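Residue strings, one per chain:
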Amino acid sequence: MSAYAYSAAEAAARPGWITRTLNWLDERGPVSWIVVMVGSFIFAGPLGLLVLGFILITGRFGKGCRRAREASRMCGPRLHFHARRGTGNAAFDAYKADTLARLEREQDDFEAFLARLREARDKAEFDQYMDERAHAAAAPATEQNAPEDDAPRGNY
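So, here's what we can say about the structure. (Residues numbered from 1 in each chain as written. Predicted model: local features only at pLDDT ≥ 70, side-chain atom pairs only at ≥ 80, totals over all residues. Heavy atoms only, no water.)

**Some words on the overall build of the protein**
If you tally the helices and strands in the protein, you get 7 helices and 0 strands. Listing each helix as α and each strand as β along the protein from the N terminus yields α-α-α-α-α-α-α. Sorting the 156 residues of the protein into buried and exposed places 10% on the buried side. Considering only contacts within the protein whose residues lie at least 6 apart along the sequence, 26% involve residues at least 24 apart. Carbon and sulfur atoms make up 61% of the accessible area of the protein, which amounts to about 13,300 Å² in all. (Helix = DSSP H or I, 4+ residues; strand = E, 2+ residues; numbered from the N terminus. Buried < 20%, exposed > 50% of the residue type's maximum accessible area, 1.4 Å probe, protein only. Contact = heavy atoms within 4.5 Å. Areas by Shrake-Rupley, 256 points an atom, 1.4 Å probe, with all protein chains shown as cover.)

**What to know about the packing of helix H3 (residues 30–43) against helix H4 (residues 45–58)**
Where H3 contacts H4, the axes come no closer than 5 Å and their chain directions differ by 155°. The angle between H3 and H4 places the two elements in the roughly antiparallel class. Crossing hand, H3 versus H4: left-handed. Between H3 and H4, the contacting residues are Trp33, Val36, Met37, Ser40, Phe41 and Phe43 on the first element and Gly45, Leu47, Gly48, Leu49, Val51, Leu52, Phe54 and Ile55 on the second. Grouping the amino acids of the contact of H3 with H4 by side-chain chemistry returns 11 nonpolar, 3 polar and no charged. (Axes fitted to C-alpha atoms, helices over the stretch in contact; angles between N-to-C directions. Parallel < 35°, antiparallel > 145°, perpendicular 65-115°, else oblique. Left-handed = near helix turned anticlockwise from the far one by under 90°. Nonpolar A, V, L, I, M, F, W, Y, C, P; charged D, E, K, R; others polar.)

**Section: the nonpolar core**
Membership of the largest hydrophobic core is limited to 5 residues, which are Leu25, Trp33, Met37, Val51 and Ile55. Counting only elements with at least two residues in this core, the list comes to H3 and H4. Beyond its immediate chain neighbours, meaning those up to four positions away, Met37 contacts Gly48, Val51, Leu52 and Ile55. (Core = buried A, V, L, I, M, F, W, Y, C linked by side-chain atoms within 4.5 Å.)

**Details of the packing of helix H2 (residues 17–28) against H3**
It is at 5 Å that the axes of H2 and H3 come closest, and there the two elements cross at 120°. Considering their axes alone, H2 and H3 lie oblique with respect to each other. For the pair H2 and H3, contact is made by Leu22, Leu25, Asp26 and Arg28 and by Pro30, Ser32, Trp33 and Val36, respectively. Across the contact of H2 with H3, the residue classes tally to 5 nonpolar, 1 polar and 2 charged.

**Regarding H2**
Compared with an ideal rise of 1.5 Å per residue, which puts 12 residues at 16 Å, H2 spans 17 Å between its outermost C-alpha atoms and is within 8% of the ideal. Gly29, located one to two residues past H2, shows a positive phi value of around 90°. (Expected span 1.5 Å × (residues − 1).)

Here's what the structure looks like:
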């Protein structure tokens, strides 16, 4: 075995310098990201745009995720991949797969329910609009039968 060979567990325990830097900035809060962004704009405009884009895309200021560990555990796309990873225990993995499948079915059912609610609300609003339009169209017909005054209306 060479001196450079190490296991995947060791690689996960030793994050790269980019990950360590991002974690360090996340631990210090949004002010550190603002300082980095302003500094990169001063140093080079395009670099500042890249930092701004990175901040916006990764959501460094949003959803209450301030630290990289919180972001990877609670917010962000990594949650989905973590939930699919096997544990090595076949019984637990089967239970987890069944539970996740049930939750996905429930989510699909709920989204379909919300879509039906939106459609019903849209239909009710459209029907109300059509009724108001029909009443407005019927109102001028009754006004035409009424006698008109020759007196001028409004201020000139």
